[in-house]
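Read off the chains here:
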Amino acid sequence: MPKILRTVAELRSALAEYHARAEVIGFVPTMGALHEGHGMLLERCAEECPVRVLSIFVNPTQFGPSEDFSRYPRTFEADLELARSKGVQYVFAPSVEDIYPAGFNTFIDVAGVSEPLCGAFRPGHFRGVATVVHRLFQIVRPQVAYFGQKDLQQCLVIDRMVKDLELPLKIAICPTVREAAGLAKSSRNRYLSAQEREKSTIIWRAMEQARRGFEAGESDVQVLLGRALDVMKTVPEFQIQYCEIRSLPNLEKIERIQGPAALAIAGFLGKTRLIDNHIFT
């Protein structure tokens, strides 16, 4: 079983010898409620890094006042078992007071890439993400940190922060892990009813329709979005929040795909917010 570290002091003490020997530390930051997507990140970390650290911390600063912080799934014992099976050596599970000590009043805003898509609908979300991830990076001091493509905008925000602040680590973005019918693995999927889970495949099917159009030679953004939206209209229960194609890595508006770009979709089935994306290359 991995060693559980509850405080910043414990974590730093446990990793001190590895830092002294300049060993490669791999880090997977999470909010817990782990699933196969996290498992894939942990597997890659185990393949590439001799020292493996997983953090489990439900970060209050990235939740809006009407969002699901209080009911966000917390499954610590099951998380530990998955961590053990994937070769994690250290689980960092701090308190809010450890991450944000009394008087903490410094936050990180990553302009530009944080503003469209989820940033437009979740004010302050990426401010909270960037701040907690930077804080964790400063505590763990990893050489590599692993994130999933399902949260593409989050990955881009963190990568921009790392580059702008010249943090000494690599960000590894790993492919989205999906259920058999195409739904992207997410901790929030457990909120879905059986009927909602069945309807949730509409996102995957819409992205596939756009992908097929692009591979057939279509590059006009509005045409490709039209293909995706026509599919999503067949499930009116899915309340679309956004469906956009943006450039990579800066998420700028484009009229035609002429380089790396992403189709990003977000919306609600019942009370559950789902996000997904497909990268055009």
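Before reading on, note that the structure itself is shown above.
Procedures and definitions
- Residue indices follow the written sequence of each chain, beginning from 1 at its first position.
- Confidence filtering applies because this is a predicted model: local features only for residues at pLDDT of at least 70, side-chain atom pairs given and counted only at 80 or more, and all residues used for totals across whole chains, interfaces and linings.
- Only hydrogens and water are set aside; all other atoms, that is, all heavy atoms of the structure, feed into the side-chain values.
- The secondary structure listing takes helices from DSSP runs of H or I that are at least 4 residues long and strands from runs of E that are at least 2 residues long, numbered from the N terminus.
- The size measure is the radius of gyration over C-alpha atoms, and the globule rule it meets is 2.2 Å times the number of residues to the 0.38 power.
- Here the term buried applies to any residue with accessible area under 20% of the maximum for its type, exposed to any over 50%, and partly exposed to those in between, with areas from a 1.4 Å probe on protein chains only.
- Note on contacts: a residue pair is in contact if any heavy atoms of the two residues lie within 4.5 Å.
- Here, Shrake-Rupley sampling with a 1.4 Å probe gives the accessible areas, and only protein chains in the shown set may cover a residue.
- Charge counting follows a simple rule: Lys and Arg are positive, Asp and Glu are negative, and His as well as the terminal groups are ignored.
- By convention, charge coordinates are those of NZ in Lys, CZ in Arg, CG in Asp, or CD in Glu.
- A pair of strands is labelled paired if DSSP reports no fewer than 2 bridges between them.
- The definition of a right-handed crossover adopted here requires that, viewed with the strands pointing away, the path from the first strand over the helix to the second runs clockwise.
- In protein, a polar contact requires one atom able to donate a hydrogen and another able to accept it; more generally it is a pair of N or O atoms within 3.5 Å, and residues adjacent in sequence count only if both atoms are side-chain atoms.

Engineer: What exactly am I supposed to notice about the overall build of the protein chain here?
Structural biologist: Looking only at helices and strands, one finds ten helices and nine strands in the protein chain. Rg of the C-alpha trace for the protein chain: 19 Å, near the compact-globule value of 19 Å for 281 residues, within the 12% margin. The C-alpha extent of the protein chain, read off along each of the three principal axes, is 55 × 40 × 40 Å. Here the protein chain holds 281 residues, and 54% of them are scored as buried. If you take every contact in the protein chain between residues at least 6 apart in sequence, the share linking residues at least 24 apart comes to 73%. Here the protein chain has roughly 13,100 Å² of accessible surface; of this, 50% comes from carbon and sulfur atoms. Taken as two groups, the 34 positive and 33 negative side-chain charges of the protein chain have centres that lie 2 Å from each other.

Engineer: Is there a simple way to explain the pairing of strand β5 (residues 144–148) in this structure?
Structural biologist: A regular strand places its side chains so that they alternate between the two faces of the sheet. The element β5 is largely enclosed, with a buried count of four among its five residues. Sheet analysis places strand β2 (residues 25–30) next to β5, joined by two bridges and oriented parallel. The partner of Phe-27 across the bridge, within β5, is Ala-145. Relative to strand β6 (residues 170–174), β5 is paired through five bridges, and the arrangement is parallel. If you follow Phe-147 over to β6, its bridge partner there is Ile-173. Once the chain exits β5 it traverses helix α7 (residues 152–164) before rejoining the sheet at β6, and the crossover so formed is right-handed.

Engineer: Hey, could you run me through the side chain of Thr-30 in this one?
Structural biologist: Summarising the element assignment, Thr-30 is placed in strand β2. Here Gly-32 takes part through its backbone nitrogen, which lies 3.0 Å from a polar atom of the side chain of Thr-30. For Thr-30, the contacting residues outside a window of four places in its chain are His-38, Leu-54, Ser-55, Ile-56 and Phe-57.

Honestly, it's all geometry; don't read function into it.
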